[in-house]
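Architecture and fold: a report
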Amino acid sequence: MLWLKNARVIDPAQGVAGIMDLAARDGRVLSVGRDIAAGLPDGETAEVIDCAGKYLFPGLVDVHVHLREPGQEEKEDITSGSRAAVRGGVTSLLCMANTEPVIDNQALTALVADRGRRAALARIYPLAAVTKGMAGAELTEMAELKASGAKGFSDDGRGVQNGEIMRLALEYAKLTGCPIVSHCEDAALAGGGVMRRGRASAARGLIGIPGAAESVMAARDVLLAGETGGRLHLAHVSTQGTLAALRAGKAAGWDITAEVNPHHLILTDEDVPLTNSNFKVNPPLPTAEDRDALLAALADGLIDMLASDHAPHTWEEKARPFAEAPFGMTALETALAAVWTYLVRPGKLTAARLIDAYSRRPAERFGLEAGTLKPGAPADMILFDPDWEETVSADNMASKSANTPFLGRRLRGYPIKTWVGGRLVFDRLAQPPV
Ligand code: NCD
Ligand code: ZN
């Protein structure tokens, strides 16, 4: 038995916050509360950990992760990505289908799920593609993909350009009960842009992507969710236009959720240096006005959840000039620390809402047994030290890639122990910081 004493427990699913003990046995939470000793079985030996001054959170559930396997293992693979996940406090994740080949058939879906189980760290669930080869033309066999372990469907990496295909996708996905995860990007509007269009792109002489490239497709997909009654999840929301569409769709009672990524809440287009393509991401870093609106929407629940959009790329690829480097940032190992440092610590986001948005709500939306420390729930949890400081460094990452804009920054607030199913899968104290 594992007995964690005097932790600051936050578990929004139980409406619980306060100093408590938690006992776990056989991979599951046994009890949690202020004085649980009386209810614990007699004569059993327990590993006791004094957690005074630390938080105990349900493990994070990250619905937007690129693990790159199969086919792009030079960037990441399921094992390295799983290590990165548990270092960042992520105990369950959904991985994206834009691999090589694309995860669009049963064999590949099952393979990813199986390799995730073998890595035996975080719980890995595949999202399968919406269209074959992510070519945007022909729908995949969603019911079969679900039977092989897919928890939803996404052509993330590019938008589904054809509205009729998206309408059909929402119709068919409804039969599986799984959400369609939409990467909203109108290719014609995005043009060849490399950062957000506006003053900042003009000042740098870089081709801009107008905010409408995202908002227009988000509005379309929201309307199609209304038309079909399908389940829609908007990935990496980054514009006020998308928020307006989301607000309207939710007000109409349609089955829509949305996620925002930490980098879109912390950085803006003004932060983009011409000489550092680690700041290049899709959708691009927002204007300050959009960033503020995103944060307000996350805080008030219009945006349901946080997700990292962990998108590893090799050093060589990211060393190319800004306009030629690929879009994407690694984030699994820094997402929680960055949000704590830049949003929770300064009082812009409460710890309770952070855990609600990065654990409870994503588990609920994608039907995962996770996101709470209720008795009987899997003992997926993190011990979090709000004062643990580290400088973000490529030498200190489990991910194969280190393309994060936070390199060199000192972040404060890190998970120091991560358990999955009651098993300790990461201990920061055993790995001193660089
Ligand atoms: C992602 C990638 O590299 O696969 N890149 C990114 O900038 N976010 C694709 C995606 O999530 O759209
Ligand atoms: Zn995307």
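What counts as what
Residues numbered from 1 in each chain as written. Chains lettered and ligands numbered in written order. Predicted model: local features only at pLDDT ≥ 70, side-chain atom pairs only at ≥ 80, totals over all residues. Heavy atoms only, no water. Helix = DSSP H or I, 4+ residues; strand = E, 2+ residues; numbered from the N terminus. Rg over C-alpha atoms; globule rule 2.2 N^0.38 Å. Buried < 20%, exposed > 50% of the residue type's maximum accessible area, 1.4 Å probe, protein only. Contact = heavy atoms within 4.5 Å. Areas by Shrake-Rupley, 256 points an atom, 1.4 Å probe, with all protein chains shown as cover. Lys, Arg positive; Asp, Glu negative; His and termini not counted. Charge placed at Lys NZ, Arg CZ, Asp CG, Glu CD. Domains from an automatic or database assignment. Buried area = accessible area lost by both parts, 1.4 Å probe. Salt bridge = Lys/Arg side-chain N within 4 Å of Asp/Glu carboxyl O. Polar contact = N/O pair within 3.5 Å; in protein donor to acceptor, adjacent residues only side chain to side chain. Nonpolar A, V, L, I, M, F, W, Y, C, P; charged D, E, K, R; others polar. Phe/Tyr/Trp six-rings, centres within 6.5 Å; stacked < 30°, edge-to-face > 60°. Donors = N, O, S within 2.8 Å, 3.2 Å for Na, K, Ca; no water. Near = heavy atom within 4 Å. 1 Å grid on protein atoms, 1.4 Å probe; cavity = no way out; pocket = protein on both sides within 12 Å on 5 of 7 lines; lining within 4 Å. Sits in = over half its atoms within 2 Å of the grid points.

What follows covers the overall build of the protein. On a plain count of helices and strands, the protein comes out with 13 helices and 18 strands. For the protein, whose C-alpha radius of gyration is 21 Å, the value lies close to the compact-globule estimate of 22 Å for 434 residues. Considering only C-alpha atoms, the protein reaches an extent of 70 × 45 × 40 Å along its principal axes. Counting all 434 residues of the protein, 62% fall into the buried class. Across the protein, contacts joining residues at least 24 apart in sequence account for 74% of those joining residues at least 6 apart. By element, 50% of the accessible surface of the protein is carried by carbon and sulfur atoms, the whole surface being about 15,600 Å². Side-chain charges in the protein split into 46 positive and 54 negative, and the spacing between the mean points of these groups amounts to 2 Å.

Accessible area lost during the coming together of the parts is what is often quoted as the interface size. What the domain assignment lists for the protein is domain 1 (2-56 + 377-427) and domain 2 (59-365). Between domain 1 and domain 2, the residue contacts involve 39 residues of the former and 47 residues of the latter. It is Lys400, Asn403 and Pro405 in domain 1 that bury the most area against domain 2; as a group they hold 20% of the surface buried on that side. Seen at the junction of domain 1 and domain 2, the total is three salt bridges. The shortest N-O distance in the salt bridge between Lys400 and Asp77 comes to 2.9 Å. For the pair domain 1 and domain 2, the interface holds 20 residue pairs in polar contact (both at pLDDT 80 or more). Broken down by secondary-structure element, the contributors of at least two residues to the side of domain 1 that touches domain 2 are strand 16 (381-391), strand 17 (410-420) and strand 18 (423-427). Ranked by the residues each element gives to the side of domain 1 that touches domain 2, the list is headed by strand 17, at nine residues. For the side of domain 1 that touches domain 2, the class distribution of residues is 23 nonpolar, eight polar and eight charged.

Here we come to the packing of aromatic side chains. The description of two aromatic rings rests on the distance between their centres and on the angle between their planes. A full pass over the atoms with the stated rule returns seven aromatic pairs. Ring centres 5.4 Å apart and planes at 65 degrees place the aromatic pair Tyr55 and Trp340 in the edge-to-face group. Pair noted here: Tyr55 is in strand 5 (residues 55-58) and Trp340 is in helix 12 (residues 335-344), with a separation of 285 residues, a long-range link. A single burial state applies to Tyr55 and to Trp340, both of which are buried.

Let us look at the coordination of the zinc ion (ligand 2). At this site the zinc ion (ligand 2) is bound by Asp156 (OD), His183 (ND1) and His236 (NE2), with donor distances of 1.9 to 2.2 Å. Each donor residue of the zinc ion (ligand 2) lies on the same chain, and together they follow the pattern D-x26-H-x52-H. With Asp156 in the loop between strand 9 (153-154) and helix 4 (163-176) and His236 in the loop between strand 13 (232-234) and helix 8 (240-251), this pair connects stretches of sequence that are 80 residues apart. For His236, a relative accessible area of 2% corresponds to the buried category.

A few words now on the pattern of salt bridges. Proximity of charged atoms lets side chains of opposite charge pair with each other. Enumeration over the complete set of coordinates arrives at 29 salt bridges. Across the pair Arg167 and Glu171 runs a salt bridge, and its minimum N-O distance is 4.0 Å. Here the residue Arg167 and the residue Glu171 both occupy positions in helix 4, the gap between them amounting to four residues, near one helical turn. Assessed through its relative accessible area of 28%, Glu171 is described here as partly exposed.

Lining the immediate environment of ligand 1, one finds 15 residues, of which Arg68, Asn98, Asp156, Asn282 and Asp309 sit closest. Between His313 and ligand 1, the recorded distance is 3.0 Å, taken from a side-chain N or O atom to an oxygen atom. Here ligand 1 loses 94% of its free accessible area of 310 Å² to cover by the protein chains. Put simply, ligand 1 lies in the largest pocket.

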